[in-house]
Amino acid sequence: MKKHILALLAVAGLVTLACGSGSNQGAQGSTIVLGAPLGLTGSLTKESALTKQGYDLWLDWINKQGGINVNGTKHPVTIKYYDDTSNANQSAVLMQKLITEDKANFLLGPYGSAATATDAAIAEQNQIPMVEANGAAQSIFNQGYKYTFGVLSPANKYLQGVLDMAATLNPKPTKIAMLSADDNFSLEVAQGVNDYATGLGMQVVVYKKYKNGATALTAEVQAAKAVNPDIVLNSGHLAEAIAIHKAAKEQKLNAKIFAYSVGPSTPDFIKSLGKDADYVYDGSQWTPQVKYKSQFYLSVSDYVAAYKAKYPGEGDPDYHVAESTAACLALQRAIEKANSLDAKKVRDALAALDVTTFYGRIKFDSRGINTFKPMVVEQIQGGEHHTVFPSDVADKQPMYPTPSWDQR
Amino acid sequence: MTTSQRWQRILIVLGCAVIAYAVLAPLTSLDGAQALNLPLLTDKLWFRLATITAMFVVMATAWNIIGGLTGYAAFGNVAFFGIGAYTTGMLIAKAKWPFLLALPLAPVAAAIFAVLVGLPLLRLRGHYFAVASLGVGVAVGELVQNLDYRGEPIFGGASGLFMPIFAVPNRDLYFFYLMLGAAGVSIAVTWAVIRSRFGYGLIAIRENEEAAAVIGVNTTAYKVAAFALAAALTGLAGGIFAQWNVFIDQENSFPIAYNVEMILMALLGGTGTVFGPAAGAVVLQLLIQFLSGSLPITLDLPFVPEDAMPVLAQVVLGVLLALVVIFAPRGVIDFFGGRSRLTIAYLRRSLRETSI
Amino acid sequence: MADLVQLVIIGLLAGGIYAAVGVGFSLVWGVLNIVNLAHGALVIVGAYLTWQIFTASGLDPFLTLPIDAVALFAFGYVVQRGVINRIIRAPLLFTFLLTFGLNLIAVNVLLLIFKSDFRSVTTAYSGAGLDLGGIVVPYIRLAALGIALLVAAALALLLNRTRVGLAIQAVGSDRDAAQLVGIDLRHAYAVTYGLGAACAGVAGGLIAMIQAITPTAGEPYTLQAFVVVILGGLGRVSATVVGGLVFGLVEAFAQSIPGSGSVFANAIAFGVMVLVLVTRPQGLLGRLR
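Reading the values: the criteria
Residues numbered from 1 in each chain as written. Chains lettered and ligands numbered in written order. Predicted model: local features only at pLDDT ≥ 70, side-chain atom pairs only at ≥ 80, totals over all residues. Helix = DSSP H or I, 4+ residues; strand = E, 2+ residues; numbered from the N terminus. Rg over C-alpha atoms; globule rule 2.2 N^0.38 Å. Buried ≥ 20, exposed ≤ 12 C-beta atoms within 10 Å, placed from the backbone. Contact = placed C-beta atoms within 7 Å. Nonpolar A, V, L, I, M, F, W, Y, C, P; charged D, E, K, R; others polar. Pairing = 2+ DSSP bridges. Right-handed = clockwise from strand over helix to strand, strands pointing away. Arc of directions from axis to C-beta. Axes fitted to C-alpha atoms, helices over the stretch in contact; angles between N-to-C directions. Parallel < 35°, antiparallel > 145°, perpendicular 65-115°, else oblique. Left-handed = near helix turned anticlockwise from the far one by under 90°. Domains from an automatic or database assignment. Core = buried A, V, L, I, M, F, W, Y, C linked by C-beta atoms within 7 Å. pLDDT = per-residue confidence, 0-100.

## Section: the overall build of chain A
Within chain A, the regular secondary structure consists of twelve helices and 17 strands. For a compact globule of 408 residues, the expected C-alpha radius of gyration is about 22 Å, and chain A comes in at 23 Å, within 12% of that figure. Reported as C-alpha extents along the three principal axes, the dimensions of chain A are approximately 70 × 60 × 40 Å. Sorting the 408 residues of chain A into buried and exposed places 60% on the buried side. Within chain A, residue pairs in contact and separated by at least 24 positions form 69% of the contacts whose partners lie at least 6 positions apart.

Shown next as structure tokens:
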């Protein structure tokens, strides 16, 4: 019997138990608690880390300002994170923890469409607004939920900018090979291309759906090569974009345009592929070269500088970071407009929000998704990201057509 | 009265108290109780944690019927969970059935599927059965996500299925009791099976299948029946999960990790027993939740940067797992009821029995 | 026709990697009766080792492969001797769970060290290849297939021609009899697991050259190793190689089905596997153990 107790004591000794931390801000208003479950371990670790960077960048800034201004009182902000191990069901538990236990005033989104869909239902049941930046699948927003807002342009727009750009190029590319992962988001991106291409006089000549996360994609690339396409599009994720580009080189698939929905915007893509990354386009929510006139928060160039100061060695912030920061900005502005911390009032303010930030315009349609911000197109040129379309925000001309593999 | 008997009594009393609390405390959230100014003993987080724990109790207990009693290491039971979830999901989202009408079909569909795949699969033994059942689990999830009919996804495709949120009154309380009921049913079923002729047959198969056949057990029928029973219970949990969670897709209804977790829970608690898997489910689920920070008490290791905490928590989970497997191969239930005590000698004996 | 030939080549080249991953898995399963869920993690440890050496010193990645093999042999030896030997007599599922725990530890330690960034070894000759009248054969993948076959051949030789190898085989067929004739079981088991880990390490080095890696990139390979080993038949190196190549071909042909065929690659591969299991439990050309 004594041994039982000893064992228990040993365990208790090893683990220091601590309860929630009390805040110690002095004369200011009460602390506003925000919360987000993220995949800090598991398969979505990379993307979740970028999301967290975006949230933290804003957090530093707002607290340097003294907090969010409500009725003349500055409320400092804290963000609570939990690790959902990249598991949507665990994300739901942690959302509820944030709401019930941590008394989060407002919620920030997790990473990924599946977790976002699950968490949206939790936000709805608890009537706490959730502003999310990393679940672009429209199906989430077609459920009539009132408390979920997404600052991103919806999935179907992801590669439409690339097609718009392609239509202006000479000689005009027409034959598209589309390779899509089989997840929610990627399929909506692919569907968007299918719907849009014919209107521009282009056609999807081969459409291949592959397993989400697959890295053996040579046979798919070979199927694309068989039709000799002008444009090779991928709607998928970073790992697959790298795999497809490697296979394209190996199989000597030469196209005029290689454009991928997710991947090329991250430093990992360039680091992994080296010089081969050049000429690749991606449809991006945001690039460091955009020229939006920020109504509050930082200008685009200051944002890039702030990012580089906080995360040295990581290159320019990519759009996952920027959109995550934008989610915080939307929430901040809505709280200020509502002049209240009341969940219902802030929700209404979010629904009525219309503001331009470094990230572009943020305004939600009746479903709660930001359909008012255009996507931009960037291209990797000489190992760096440059914005090439639309021309009013572009800093470089597209390098077109992509030279064949043996002429690089 | 010996020390171990005293411990046994204390534990039984404690266990009854915990169960009584779990069953009665949620009632304080009813409007009637609130109107009487009764203190609120539960909140939405409590409900979510309790419901998900009960869900794992069902899955681990159901796995025990095929894995623990019959000795067939099923590694793809998550397929039944997913089939149950998608059965209710499809009926609610596409056919607009009310939830309570759709739910009974979840275990039925899962059981039918288990009979169909069980007939060929259960001819395999040992590792081969484990791997084949894993294959079935993976394949079913893939098919559900991707099967199209004339360009339209049959089962909602990658977008998954959404169900109405407020389909029932007092939804937190409702789904907790439903899942708790399912847990109670699966434990009761196990209890009944163990005491029946059927159960003796299953155990005979586990100990020596050839000998069981010789003494007149229809091994094929018994194995398939046990598999179907496990599938039905797992499917029931899936069916409740669908409406509880509102949204289902391939990722949350066919998580491969659940295969491992339910087995782990059964082993942790003690396979082949009535209450072992349930105890294991509660213990492991609480541990997982503790490490991921969703309990009121959180892990706080000194000298560890905050960013590294979640990763270290996963390492801790892995280490604990390894320790349990190495040192307590009969499960935690072995310490209750006076059979064994957690002593150095016990650990030594466990090691000696299994190592070379 | 050219398309068909190209597809066969794609399948065989991919199959070489699966074979490399599979031989170590098969050895450990066949001899130790352990289904090693940490195998994919060992593969990725090898991959990170190659990446780290390549990045730090610029050493040609192919030259890092022997280092991977030696390092992982040592690591595997210690893990088996110190940990897995402790439960070798426990029922089947316990080894599943122990190796699952080891996998969890390995993946998350990698995550602590290397973060979640995608890494890849890109050399001057990455992506280059032979062009035989429109049919493409990338050098690195070709070399990977060659090395996979070489590793398999070396392993087969070691098992059949050396004292250690024969001892391992003896242990695999009858543990207690092997002990009676004076074989040190603990050592033999540890060497076996070490060899399995060494094969995984080499496979990982090859994988670092052909795809981007992250700490979680090994899990699909564990799943594929199951299929590869079952397809070939447990316990013989040559059978596993055939299983790997067959898996590569099945996958490539599944992927070439027009439209959405390739999303069923796993379902098809596992379907074939279950079919093989039910109709020919000894594998396509293996022997029943």
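## Brief notes about the overall build of chain C
Each helix and strand in chain C was counted, giving eleven helices and two strands. Moving toward the C terminus, one meets the helices and strands of chain C in the order α-α-α-α-β-β-α-α-α-α-α-α-α. Once the C-alpha set of chain C is aligned to its principal axes, its extents read approximately 60 × 50 × 35 Å. Evaluated residue by residue, chain C yields a buried proportion of 62% over its 289 residues. Put simply, 77% of the contacts in chain C that link residues at least 6 apart link residues at least 24 apart.

## What about the interface of chain C and chain B?
Each partner contributes residues to the interface: chain C has 39 residues there, and chain B has 38 residues. When residues of the side of chain C that touches chain B are traced back to their parent elements, those giving at least two are helix H4 (92-114), helix H8 (185-210), helix H9 (219-232) and helix H11 (265-279) of chain C. No other element matches the 14 residues that H4 of chain C contributes to the side of chain C that touches chain B. The class makeup of the residues in the side of chain C that touches chain B is 30 nonpolar, six polar and three charged.

## Here's the deal with the interface of chain C and chain A
On the chain A side, the residues contacting the 31 residues of chain C number 34 residues. Top contributing element to the side of chain C that touches chain A by residue count: helix H1 (residues 2-32) of chain C, with five residues. Within the side of chain C that touches chain A, the residues separate by chemical class into eleven nonpolar, 16 polar and four charged.

## A short note on the pairing of strand E9 (residues 175-181) of chain A
Consecutive residues of a regular strand have side chains that alternate between opposite faces of the sheet. Residues and elements named next belong to chain A. Most of E9 is tucked away: six of the seven residues are buried. Sheet topology note: the E9/strand E10 (residues 203-210) ladder contains seven bridges and is parallel. Residue serine 180 lies in a different strand from E10, and its bridge partner there is lysine 209. For the crossover that starts at E9, traverses helix H6 (residues 184-197) and ends in the parallel E10, the hand is right-handed. Where E9 meets strand E11 (residues 231-235), five bridges bridge the pair, whose relative direction is parallel. Opposite leucine 179, over in E11, you have asparagine 234 as the bridge partner.

## Focus on helix H6 (residues 163-173) of chain C
Residue and element names in this part refer to chain C. If you check which residues of H6 are buried, you get Ala167, Ile168, Val171 and Gly172. Across the axial projection of H6, the buried residues extend over an arc of 140°, all falling on one side. Looking at the buried positions of H6, the neighbouring elements they touch are H1, helix H5 (139-161), helix H7 (175-180) and H8.

## Here we look at the packing of helix H3 (residues 44-69) of chain B against helix H11 (residues 219-245) of chain B
Residues and elements named next belong to chain B. Two elements in contact, H3 and H11, have axes whose closest approach is 8 Å; the angle formed by their N-to-C orientations is 165°. Considering their axes alone, H3 and H11 lie roughly antiparallel with respect to each other. Judged by the sense of rotation from one axis to the other, the crossing of H3 with H11 is left-handed. Contacts from Thr51, Met55, Val58, Met59, Ala62, Trp63, Ile65, Ile66 and Leu69 in H3 reach Ala226, Phe227, Leu229, Ala230, Leu233, Thr234, Leu236, Ala237, Phe241 and Trp244 in H11.

## A look at the domain arrangement of chain A
By a frequent convention, interface size equals the accessible area lost on bringing the separate parts together. All names here are of chain A. Taken domain by domain, chain A consists of domain 1 (29-153 + 290-363) and domain 2 (157-284 + 375-407). For domain 1 versus domain 2, the distance between C-alpha centres works out to 29 Å. In this complex, domain 1 contributes 14 residues to the contact, which on the side of domain 2 involves 15 residues. In the side of domain 1 that touches domain 2, the residues fall into four nonpolar, five polar and five charged.

## Notes on the nonpolar core
Core analysis: the biggest nonpolar cluster contains 364 residues, and Ala330 of chain A, Val58 and Met59 of chain B together with Ala20 and Leu97 of chain C have the highest contact counts within it. If we ignore the near neighbours within four places in the chain, the residues touching alanine 330 of chain A are Val131, Phe149, Val151, Leu350, Leu353 and Ile362 of chain A.

## What about the sheet that holds E11 of chain A?
All names here are of chain A. If you walk across this open sheet you meet the seven strands as E10-E9-E11-E12-E13-E16-E17, and the pairing is mixed. Each edge of the open sheet carries a strand with a single partner, namely E10 and strand E17 (384-389). For this sheet, the mean inter-axis angle between neighbouring strands, taken without regard to orientation, is 25°. The pairing of E11 with strand E12 (residues 257-260) spans four bridges and is classified as parallel.

## Here's the deal with the confidence of the model for chain A
In the predicted model, chain A carries a mean pLDDT of 88, and the fraction of residues at 70 or more is 93%. Within the model, the stretch residues 1-26 of chain A combines pLDDT values under 50 with 18 contacts to residues more than four positions away or in other chains.

## Digging into the packing of H9 of chain C against H11 of chain C
All names here are of chain C. Closest axis-to-axis distance for the H9/H11 pair is 9 Å, and the angle between their directions is 35°. By crossing handedness, the relation of H9 to H11 is classed as left-handed. From H9, Val227, Ile230 and Leu231 reach across to H11, where they touch Ala269, Phe270, Met273, Val276 and Leu277. Its residues assigned to classes, the contact of H9 with H11 comprises eight nonpolar, no polar and no charged.

## Focus on the sheet that holds strand E5 (residues 77-83) of chain A
Residue and element names in this part refer to chain A. With parallel pairing, the five strands of this open sheet are ordered in space as E5-E2-E6-E7-E8. Lying at the two open borders of the sheet, with one neighbouring strand each, are E5 and strand E8 (148-150). Direction aside, the axes of adjacent strands within the sheet are offset by 25° on average. In the sheet, strand E7 (residues 130-132) pairs with E8 via three bridges, with the strands oriented parallel. Paired with methionine 130 across the two strands is threonine 148, which belongs to E8. With respect to the sheet, helix H4 (residues 113-126) is in contact with strand E6 (106-108), E7 and E8, its orientation differing from that of E7 by roughly 160°.

## Looking at the environment of threonine 148 of chain A
All names here are of chain A. Looking at the secondary structure, you find threonine 148 in strand E8. Classification of threonine 148 as buried rests on a count of 29 C-beta atoms within 10 Å. Once the C-alpha coordinates of threonine 148 and lysine 337 are considered, the two residues, 189 residues apart in sequence, prove to be 18 Å apart. When sequence neighbours within four positions are dropped, the list of residues in contact with threonine 148 reads Ala120, Ala123, Met130, Glu132, Ile140 and Gly368.

## Comments concerning the confidence of the model for chain C
Of all residues in chain C, 96% attain a pLDDT of 70 or more, and the chain-wide mean is 89. What the predictor reports for the complex is a pTM of 0.90 with an ipTM of 0.90.

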